Amino acid sequence: MATRKSAPRKAADDDQHDEGAPRAEQPGERRAIWIITRLEQIQDDPDMAIDARNLLAELTPLSQRYLSVLLREGPVSNTRAATLLKAQEPELEDAIVELENTIREILEDEE
């Protein structure tokens, strides 16, 4: 009599790592998306783009480096950005807030 082979069983942890399953959002990613989206909006308006170039040049070096990471890597978590920038998360938070405030200022000036 032939023995019937059963399908291999998945471990309970395997269900959490299915390729089709969405991964959990990491802290900072939604804000990074907001920054990237607003910068694209600013680039589409020549007047705002000129203002942006001038104001972004006045950012602290860490804010400028964070912006470079977003433009190069796309939306990243705060932890990933801190690792890439070799920065502590509290100082990175200050840099991100500075960048956000500058973008809001650019957008408000054009309203």
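Every value quoted in this text rests on a predicted model; they were computed, and no experiment measured them. (Residues numbered from 1 in each chain as written. Predicted model: local features only at pLDDT ≥ 70, side-chain atom pairs only at ≥ 80, totals over all residues. Heavy atoms only, no water.)

### Some points on the side chain of Asn78
Note the following rule: A run of H or I in DSSP becomes a helix once it reaches four residues, and a run of E becomes a strand once it reaches two; helices and strands are each numbered from the N terminus. In what follows, a contact means two residues having at least one pair of non-hydrogen atoms within 4.5 Å.
You can see Asn78 is positioned in helix H4 (residues 78–85). Contact partners of Asn78, with chain neighbours within four places excluded, come to Pro27, Gly28, Arg31, Glu89, Leu92, Glu93 and Ile96.

### What to know about the pattern of salt bridges
Rules: A pairing counts as a salt bridge when a side-chain nitrogen of Lys or Arg comes within 4 Å of a carboxyl oxygen of Asp or Glu. Exposure categories follow from relative accessible area, calculated using a 1.4 Å probe and restricted to protein chains: below 20% of the type maximum is buried, above 50% is exposed, and the middle band is partly exposed.
Using the criterion set out here, one finds 3 salt bridges in the structure. Across the pair Arg31 and Glu93 runs a salt bridge, and its minimum N-O distance is 2.7 Å. Taken as a pair, Arg31 in helix H1 (residues 29–43) and Glu93 in helix H5 (residues 89–109) lie far apart in primary sequence, 62 residues in all. A residue is classified by how much of its surface remains accessible, and Arg31, at 19% relative accessible area, is buried. A relative accessible area of 30% places Glu93 in the partly exposed class. Residues Glu100 and Arg31 are paired through a salt bridge, measuring 3.5 Å at the closest nitrogen-oxygen approach. On the criterion of sequence distance, the pair formed by Glu100 in helix H5 and Arg31 in helix H1 is long-range, its members being 69 residues apart. By the burial criterion, Glu100 is buried, and Arg31 matches it. Through salt bridges with shared partners, a single network forms among Arg31, Glu93 and Glu100.

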